Amino acid sequence: MKILVCVKQVPDTTEVKLGSDLTLQRDFVAQVMNPADESALEFGLRLKDEQGGKLTVLTMGKPAAENMLRESIAKGADEGVLLTDAAFAGADTLATARTLSRAIAFLGGFDLVLFGRRAADGETGQVGAMTAQMLDIPCLSNVIAARLDEALTAEQLTESGVTQWRMPLPAALTFCEWSYALRLPTIMGLRQAKRVEIRKIDFAELGMERMSCGLHGSPTRVIHVDTRPVGVRPCQKMSVEDLLETSSWNDAVSKEDKQ
Amino acid sequence: MAQIAILERKCNGCGQCAKSCPFGAIDMNNGKPELNAACKVCGVCLKNCPQKAIVRLETKVESVDKTQWNDILVFAEVSGGQLHPVSLELIGKARELAKNVNFRVNAILVGRGVEPFAQELLHYGVHEVAVYDDPGLSFFRADAYACCVEDYIKLRKPSVVLVGATSLGRSLAPRLSTRFHTGLTADCTQLELRENTDLVQIRPAFGGNIMAQIVTTRTRPQFATVRYKVMNAPERSAEAAGTVLNRSIPKGVAESPVRHVSTEPVPAVESISDAEILVVGGRGLQKESDLEMIRELAGLLHGDWAVSRPLVEKGWTTNNRQIGLSGRTVRPKLIITFGVSGAIQFASCMNKSDHIIAVNSDGQAPIFEVAHIAVVGDLYQILPDMIRRIKEAQA
């Protein structure tokens, strides 16, 4: 069985530092694997432990993302593939999905394609479902647990409950954060990770049209960025004592008391 | 269509561009700036380059004929046998947008037993409601539902398609936009429609404390998801207007290989999105047990309690208590935050609350930009003090 886990490097938001202009200070922020992707990787590793097969970890990003792939290998993945090229720059979710799906076909296809349900930085949660659509395979999002026998069974978390689905392979799943806690590397794995060569694939090797990836292949454009976004309110500073006397406090609280 | 180019002969390697980039898309490599994959061509670096060494290159790209794509389509979600209120909010917003360019607003219902909701939607100013009602659509399957919406989009060619950013909508929208090779913008907090029918989609962006305006410039339809409680629901009019169009089920529905096994409903707990009063704890809380004070104050005010993202990451509570882009959007009558710094991902999901009171020891915290009332000081003094005073007043 061939298992693919698509992962992304994101800034470690648990240690965010904002500059005086309130933008993220990226120089000081470590890059880590997106938390939801960790769940996907751990599920893939458990499946491989139980049933065998080959687990590939795929990412698109800067050359520095190689480290994340090596860490994945240290934890049990068999190979890492890095899609990196200036031609991929500026990709929106559709162009990213198109590049990933092209790479998946290029690598010979997979029985199971696993994603995190969304990235902690962009938080769009679109790439997994888009990639699955391009591969024309079913995709279940917000998965909290899954198992594989003759077919794939997955539990999907929604606002109203947990739904169980069953589907044949090939299929794609997108996992919720913290549904499977990612294991630590092993000594053997660390040795392996040092030795192994990370396969780098560029735009030319994938044989993509320039108009189909990166910025050129993106239907959406950022046309303006507002750094004072939410609007600044004339905020009134006061003590707790004064606060409890204000009409806004009393209005809000008393209405509730009447119920 | 544009891209950013750095003119090497003008660049003196000062690094201002790398510092100013809100997306971290410029790396300094041996004293020279290099663009990486994160570039969104926002143009902030152009303004910040003292050497004027960065330019935006425009290239001509073919666009679809936008005049062939008209009207706005709202995906009306039915979940748990009820029309999701976000559907009405989207119809309200769609009608506002449609006015300027003389578009009509249509809605689509997909599922089993959804036909009765079509009559109800006719009270909200829609022109046509398309209905795909079939036992094969009993449970939401993204591929099957996408087949139905795709069928209707091909029939009516809407310029804009709005979908609620629920777990259902988030699965459906990307499958759909991909079928049409067009743009999708998630979690829009504001929408505007230009005269040329381009939809300006505004959303909190990527890591930094910024809002981005995003446009799907050359393809149609333009897909956007919007969360519950972000837009205003329209008034229900007493009279019904418009027509209902029952469509036959596309054959792709029966071809879906996904089978429903079981559904286990979680006990209906009140969502923080529905609370009228919210007390919120943030990073300023030092230990898990301090959340007890947050809960106590919420109890005294007959409200509910919530948290910001760091506390979920620490494992103190679950995601359904979290306000923010990776949690819920809220719009209560009163919200009181303790030790929340107010990053854009948080602020943009609560800034429409009626009264915002923020308590933070840092007088410069961004939360005070959205708050109506600021209490600057140590939450470990202010919170117990507040609890004591309210108890005295209630006694």
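Residues numbered from 1 in each chain as written. Chains lettered and ligands numbered in written order. Predicted model: local features only at pLDDT ≥ 70, side-chain atom pairs only at ≥ 80, totals over all residues. Heavy atoms only, no water.

A tally of helices and strands in chain A yields eight helices and 13 strands. Contacts in chain A between residues at least 24 apart in sequence constitute 70% of all its contacts with a sequence separation of at least 6. When the accessible surface of chain A is totalled, it reaches about 11,200 Å², and 50% of it is carbon and sulfur. (Helix = DSSP H or I, 4+ residues; strand = E, 2+ residues; numbered from the N terminus. Contact = heavy atoms within 4.5 Å. Areas by Shrake-Rupley, 256 points an atom, 1.4 Å probe, with all protein chains shown as cover.)

A word on the pattern of salt bridges. In the structure shown here, the tally under the stated rule is 35 salt bridges over all chains. Salt-bridge contacts for A:Arg147 lead to A:Asp149; the nearest nitrogen and oxygen are separated by 3.9 Å. Residue classification places A:Arg147 among the partly exposed residues on the basis of a relative accessible area of 44%. On the basis of relative accessible area, A:Asp149 is assigned to the partly exposed category, the value being 36%. Here B:Arg156 makes a salt bridge to B:Glu128, at a shortest N to O gap of 2.9 Å. Taken together, the residues B:Arg156 in helix 5 (residues 142-156) and B:Glu128 in strand 9 (residues 128-133) connect sequence positions 28 residues apart. For B:Arg156, a relative accessible area of 35% gives the class partly exposed. The buried category is assigned to B:Glu128, whose relative accessible area is 8%. Through salt bridges with shared partners, one network takes in A:Glu42, A:Arg46, A:Asp49 and A:Arg183. (Salt bridge = Lys/Arg side-chain N within 4 Å of Asp/Glu carboxyl O. Buried < 20%, exposed > 50% of the residue type's maximum accessible area, 1.4 Å probe, protein only.)

This part covers the packing of aromatic side chains. Under the defined criterion, the tally for this structure stands at four aromatic pairs over all chains. Ring centres of A:Phe43 and A:Tyr180 lie 5.5 Å apart, and the angle between their planes is 45°; this geometry places the pair in the tilted category. Pair noted here: A:Phe43 is in helix 1 (residues 35-51) and A:Tyr180 is in the loop between strand 10 (171-175) and helix 5 (187-195), with a separation of 137 residues, a long-range link. Residue classification places A:Phe43 among the buried positions, given a relative accessible area of 4%. Look at B:Phe140 and B:Tyr145: their rings are 4.9 Å apart centre to centre, the planes differ by 85°, and that puts the pair in the edge-to-face class. For the pair shown, B:Phe140 and B:Tyr145 are each scored as buried. (Phe/Tyr/Trp six-rings, centres within 6.5 Å; stacked < 30°, edge-to-face > 60°.)

As a further point, take the interface of chain B and chain A. Between chain B and chain A, the contact holds 99 residues from the first and 82 residues from the second. The junction of chain B with chain A conceals about 8,100 Å² of combined surface from both sides, 58% of it contributed by carbon and sulfur atoms. On the surface where chain B and chain A come into contact, there are one salt bridge. Among the salt bridges present, the one from A:Lys62 reaches B:Asp27, with a minimum N-O distance of 3.3 Å. Counting across the chain B and chain A interface gives 23 residue pairs in polar contact (both at pLDDT 80 or more). Among the elements that make up the side of chain B that touches chain A, the one with the highest residue count is helix 6 (residues 167-179) of chain B (eight residues). (Buried area = accessible area lost by both parts, 1.4 Å probe. Polar contact = N/O pair within 3.5 Å; in protein donor to acceptor, adjacent residues only side chain to side chain.)

Residue and element names in this part refer to chain B. Applying the stated rule across the entire model yields zero disulfides over all chains. Cys-14 takes part in no disulfide bond, and the closest cysteine sulfur, belonging to Cys-49, lies 6.1 Å away. Here Cys-14 falls in the partly exposed class, since its relative accessible area comes to 37%. Sulfur of Cys-45: no disulfide; nearest cysteine sulfur belongs to Cys-42 and is 6.4 Å away. Taking the relative accessible area as the measure of exposure, Cys-45 reaches 7% and is therefore buried. (Disulfide = S-S within 2.5 Å.)

Here we take up the packing of helix 4 (residues 127-135) of chain A against helix 6 of chain B. Remark: helix 4 of chain A packs on helix 6 of chain B, axes separated minimally by 8 Å, with the N-to-C direction vectors making an angle of 45°. When the interaxial angle is binned, helix 4 of chain A and helix 6 of chain B end up oblique. Judged by the twist between their axes, the crossing of helix 4 of chain A over helix 6 of chain B is right-handed. Residues A:Ala129, A:Met130, A:Ala132, A:Gln133 and A:Met134 of helix 4 of chain A lie in contact with helix 6 of chain B, whose contacting residues are B:Ser171, B:Pro174, B:Arg175, B:Ser177, B:Thr178 and B:Arg179. The residue inventory of the contact of helix 4 of chain A with helix 6 of chain B, partitioned by class, reads five nonpolar, four polar and two charged. (Axes fitted to C-alpha atoms, helices over the stretch in contact; angles between N-to-C directions. Parallel < 35°, antiparallel > 145°, perpendicular 65-115°, else oblique. Left-handed = near helix turned anticlockwise from the far one by under 90°. Nonpolar A, V, L, I, M, F, W, Y, C, P; charged D, E, K, R; others polar.)

Attention now moves to the domain arrangement of chain B. How big an interface is tends to be stated in terms of the accessible area lost upon association of its parts. For chain B, the assigned domains read domain 1 (2-58), domain 2 (66-254) and domain 3 (272-394). If you average the C-alpha positions of domain 1 of chain B and of domain 2 of chain B, the two centres end up 38 Å apart. (Domains from an automatic or database assignment.)

It is worth spelling out the nonpolar core at this point. In terms of nonpolar packing, the biggest core is built from 37 residues, with A:Leu41, A:Phe43, A:Leu55, A:Leu114, A:Met167, A:Leu173 and A:Phe175 touching the most fellow members. The element that contributes the greatest number of residues to this core is helix 1 of chain A, accounting for five residues. When neighbours within four sequence positions are excluded, A:Leu55 is seen to be in contact with A:Ile3, A:Val5, A:Leu41, A:Gly44, A:Leu45, A:Lys48, A:Ala77, A:Asp78 and A:Glu79. In this structure, B:Val74, B:Val78, B:Val131 and B:Val226 belong to the second largest nonpolar core, which totals 36 residues. (Core = buried A, V, L, I, M, F, W, Y, C linked by side-chain atoms within 4.5 Å.)

Attention now moves to helix 5 of chain B. Residues and elements named next belong to chain B. Taking 1.5 Å of rise per residue, 15 residues should cover 21 Å, and helix 5 covers 21 Å from first to last C-alpha, within 8% of that figure. Burial within helix 5 is extensive, with eleven of its 15 residues counted as buried. Within the sequence span of helix 5, burial applies to Ala-142, Asp-143, Ala-144, Tyr-145, Ala-146, Cys-147, Cys-148, Val-149, Glu-150, Tyr-152 and Ile-153. Two residues or fewer past helix 5, Lys-157 is found with a positive phi of approximately 50°. (Expected span 1.5 Å × (residues − 1).)

A word on the sheet that holds strand 8 (residues 152-157) of chain A. Across a sheet, paired strands are connected by hydrogen bonds in the backbone, their directions being either parallel or antiparallel. Pairing is mixed across the open sheet formed by ten strands, whose spatial order is 11(A)-5(A)-4(A)-1(A)-6(A)-10(A)-7(A)-8(A)-9(A)-17(B). Sheet topology places strand 11 (199-201) of chain A together with strand 17 (259-265) of chain B at the edges, where each strand pairs with a single neighbour. Along the sheet, successive strands turn relative to each other by an average axial angle of 30°, direction set aside. As judged from the six bridges shared by strand 8 of chain A and strand 9 (residues 161-167) of chain A, these two strands associate in the antiparallel manner. When the sheet's bridge partners are listed, A:Gln156 is paired in strand 9 of chain A with A:Thr163. Set on the sheet, helix 1 of chain A makes contact with strand 1 (2-6), strand 4 (54-60), strand 6 (112-116), strand 7 (139-148) and strand 10 of chain A; between it and strand 6 of chain A the angle comes to about 150°. (Pairing = 2+ DSSP bridges.)

Residue and element names in this part refer to chain A. One can find Met-1 in the segment before strand 1. According to the relative accessible area criterion, Met-1 is partly exposed, its value standing at 32%. A sequence separation of 51 residues divides Met-1 from Gly-52, and the C-alpha atoms of the two residues are 7.1 Å apart. Those residues within four positions of Met-1 in sequence are excluded, and the remaining contacts are Leu-47, Gly-52, Gly-53, Lys-54, Asp-111, Leu-148 and Leu-169.

All names here are of chain A. Where helix 3 (residues 93-106) meets helix 4, the closest approach of the two axes is 8 Å, and the angle between their N-to-C directions is 50°. On the basis of their axis angle, the class for helix 3 and helix 4 is oblique. Here helix 3 and helix 4 pass one another in a crossing that is right-handed. Residue-level contacts link Thr-93, Leu-94, Thr-96, Ala-97, Arg-98, Leu-100, Ser-101 and Ile-104 of helix 3 to Val-127, Met-130, Thr-131, Met-134 and Leu-135 of helix 4. Residues belonging to the contact of helix 3 with helix 4 are distributed by class as follows: eight nonpolar, four polar and one charged.

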